[in-house]
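Read off the chains here:
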Amino acid sequence: MSKQEAEKNSISFEFEDNLALINLFGQYDENLLLIEKMNDVSISRIGNKVKIKGDKKSIIDTHQILKNLYHKIKNGEEIDDEKIKDAKSVIILNNGEAIEQKDLFIETRKKKIYARTENQKNYFKALNEKDIIFVVGPAGTGKTYLAVAKAVSDLQKGLVKKIILSRPAVEAGERLGFLPGDMREKVDPYLRPIYDALYEMMPFNLVDKKIQSGEIEIAPIAFMRGRTLNDAFIILDEAQNTSSVQMKMFLTRLGKNSKMVIAGDITQIDLTNKNESGLINAQKKLSSINDIEFIKLTAKDVVRHKLVQKIIEAYIE
């Protein structure tokens, strides 16, 4: 874009509260620099007056983002990099309108988690509407993280009475009795990513309290046999490493007022015979059932470091 075009595509405005601008702009204008980079615009300011230059849509989006963040600060919220990225997500997914639809975010006690891509938006919608959701995609796309967020949110709202977290322990061949320690110590190494997500949604001591009370249950898939899981939000992580028999057993545990999320990555199957994956089998057998949702996430939905997306794409090629 030429200098003349940039001058033509610009907008100037000002904010009323100078104190709020300290948090909005950030130390040494670091927040403005991040917004500039995200939206490919140029932002200049003098006091409480701001000028944005760039293409027309980017200017409109940037203006809306700054207004949204300003109002959050006025309501007592602190602004950080994550809040800025979330503000951009809301704008993009609503075609420029700052409308917080229920299928765009999940709210827990510690934070509000937004959909950042169209596929994640579809995932959020499925979490609100379906009782069984299969979500398949590479590392870093938020498969398990978003499921845990929804589970915690539903537990806090009283929509379910407990959260059940499960994962196949392929490396131990499911023979957990041979490992030292009690059940939690045996399973913990396999559920570390789920614990990490829980601690981001809830205070550390509250997570442990709910585990002790049974409101949050951690169990290997082998221990699900014979149970009916009522009033629960059930998450199966690393589902690509289940057998077809295990997957059928797990799915048929669904009880009244319960929801299941089955998350996995079919490019990371650790089974000796990859064709025996219960996740692949379930996709073939259940895809025609309307009440079961299959969500596919791709490298474009990666929300970790930008290099993760490039790494995943490199291995796909």
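This text follows the structure it describes.
Read on for an overview of the structure.

Basis of the calculations
- Residues numbered from 1 in each chain as written.
- Predicted model: local features only at pLDDT ≥ 70, side-chain atom pairs only at ≥ 80, totals over all residues.
- Heavy atoms only, no water.
- Pairing = 2+ DSSP bridges.
- Helix = DSSP H or I, 4+ residues; strand = E, 2+ residues; numbered from the N terminus.
- Axes fitted to C-alpha atoms, helices over the stretch in contact; angles between N-to-C directions.
- Core = buried A, V, L, I, M, F, W, Y, C linked by side-chain atoms within 4.5 Å.
- Buried < 20%, exposed > 50% of the residue type's maximum accessible area, 1.4 Å probe, protein only.
- Contact = heavy atoms within 4.5 Å.
- Salt bridge = Lys/Arg side-chain N within 4 Å of Asp/Glu carboxyl O.
- Left-handed = near helix turned anticlockwise from the far one by under 90°.
- Nonpolar A, V, L, I, M, F, W, Y, C, P; charged D, E, K, R; others polar.
- Right-handed = clockwise from strand over helix to strand, strands pointing away.
- Phe/Tyr/Trp six-rings, centres within 6.5 Å; stacked < 30°, edge-to-face > 60°.

### A word on the sheet that holds strand 11 (residues 292-296)
Right, on to step 1. A sheet is described by the order of its strands in space; here six strands give the open sequence 8-7-9-10-6-11, paired in parallel fashion. Each having just a single partner strand, strand 8 (216-218) and strand 11 make up the two edges of the open sheet. Neighbour to neighbour, the strand axes of the sheet diverge by 15 degrees on average, direction disregarded.
Right, on to step 2. In the sheet, strand 6 (residues 132-136) pairs with strand 10 (residues 259-264) via five bridges, with the strands oriented parallel. Each residue of the ladder has a partner; that of V135, found in strand 10, is A263.

### Concerning the nonpolar core
Right, on to step 1. By size, the foremost hydrophobic cluster in this structure holds 38 residues, and its most contacted members are Y123, V148, L165, L198, I216 and V261.
Right, on to step 2. If one sorts the elements of this core by residue count, helix 7 (residues 143-157) sits on top with seven residues.
Right, on to step 3. Sequence-distant contacts of V148, defined by excluding residues within four places in its chain, comprise I194, A197, L198, M201 and I235.

### Describing the pattern of salt bridges
Note that side chains of opposite charge can pair when their charged atoms are close.
Right, on to step 1. One pass over the full model with this rule turns up nine salt bridges.
Right, on to step 2. The salt bridge partner of D61 is K57, with a shortest N-O separation of 2.7 Å. Of this pair, D61 and K57 are both found in helix 4 (residues 56-74), four residues apart, which corresponds to roughly one turn of the helix.
Right, on to step 3. You can call D61 buried: its relative accessible area is 11%.
Right, on to step 4. A salt bridge links R167 to D237, with the nearest nitrogen and oxygen atoms 3.9 Å apart. A residue pair is termed long-range when its members are at least 10 positions apart, and R167 in the loop between strand 7 (162-166) and helix 8 (183-187) and D237 in the loop between strand 9 (232-236) and helix 11 (244-251) qualify at 70 residues. Just as R167 is buried, D237 falls in that class too.

### A closer look at the packing of helix 2 (residues 18-25) against helix 4
Right, on to step 1. The geometry of helix 2 relative to helix 4 is characterised by a closest axis approach of 9 Å and an angle of 115 degrees between their N-to-C directions. In this structure, helix 2 meets helix 4 at a crossing whose hand is right-handed. Touching A20, L21, N23 and L24 of helix 2 are L66, L69, Y70, I73 and K74, all from helix 4.
Right, on to step 2. A class-by-class count of the residues in the contact of helix 2 with helix 4 yields seven nonpolar, one polar and one charged.

### Points about the packing of helix 3 (residues 30-39) against helix 4
Right, on to step 1. At their nearest, the axes of helix 3 and helix 4 sit 10 Å apart, and the two run at 145 degrees to each other. Once helix 3 is placed against helix 4, the crossing between them reads as right-handed. Residues L32, I35 and N39 of helix 3 form the contact with helix 4, whose own contacting residues are S58, D61, T62, I65, L66 and L69.
Right, on to step 2. Here the contact of helix 3 with helix 4 is built from residues that sort into five nonpolar, three polar and one charged.

### Examining the pairing of strand 9
Right, on to step 1. For strand 9, a buried count of five out of five residues is recorded, marking the element as mostly surrounded by other parts of the structure.
Right, on to step 2. Burial along strand 9 is two-sided: the face carrying A232, I234 and L236 and the face carrying F233 and I235 are both buried.
Right, on to step 3. As judged from the four bridges shared by strand 9 and strand 10, these two strands associate in the parallel manner. Looking across to strand 10, one finds that L236 is bridged to I262.
Right, on to step 4. This β-α-β element, strand 9 to helix 11 to strand 10, shows right-handed connectivity.

### Structural notes on the packing of aromatic side chains
Right, on to step 1. Applying the stated rule across the entire model yields five aromatic pairs.
Right, on to step 2. Geometrically, the ring pair formed by F15 and Y70 is tilted, given 4.6 Å between the ring centres and 35 degrees between the ring planes. With a gap of 55 residues between them, F15 in the loop between strand 1 (10-14) and helix 2 and Y70 in helix 4 connect regions that are remote in the sequence.
Right, on to step 3. Their ring planes at 25 degrees and their centres at 6.2 Å tell us that Y195 and Y199 sit as a pair that is stacked. Here the residue Y195 and the residue Y199 both occupy positions in helix 9 (residues 192-201), the gap between them amounting to four residues, near one helical turn. With respect to class, Y195 is no different from Y199; both count as buried.
Right, on to step 4. Among the aromatic side chains, those forming a connected cluster through ring pairs are F13, F15 and Y70.

### Side note on the environment of N122
Right, on to step 1. Turning to its location among the elements, N122 is positioned in helix 6 (residues 118-129).
Right, on to step 2. On the basis of relative accessibility, which here comes to 41%, the residue N122 falls in the partly exposed class.
Right, on to step 3. In this structure, the C-alpha to C-alpha distance between N122 and L297, residues 175 residues apart in sequence, is 9.8 Å.

### Examining the sheet that holds strand 3 (residues 49-53)
Right, on to step 1. Reading across the sheet, the three strands line up as 1-3-2 and stay open at both edges, with antiparallel pairing between neighbours. Two strands bound the open sheet, and with one partner strand each, they are strand 1 and strand 2 (42-46). Strand-to-strand, the axes of this sheet are offset by a mean angle of 15 degrees, without reference to chain direction.
Right, on to step 2. Of the pairings in the sheet, the one linking strand 1 to strand 3 comprises five bridges and is antiparallel in character. Opposite I11, over in strand 3, you have I52 as the bridge partner.
Right, on to step 3. The sheet strands contacting helix 4 are strand 1, strand 2 and strand 3, and the helix crosses strand 3 at an angle near 150 degrees.

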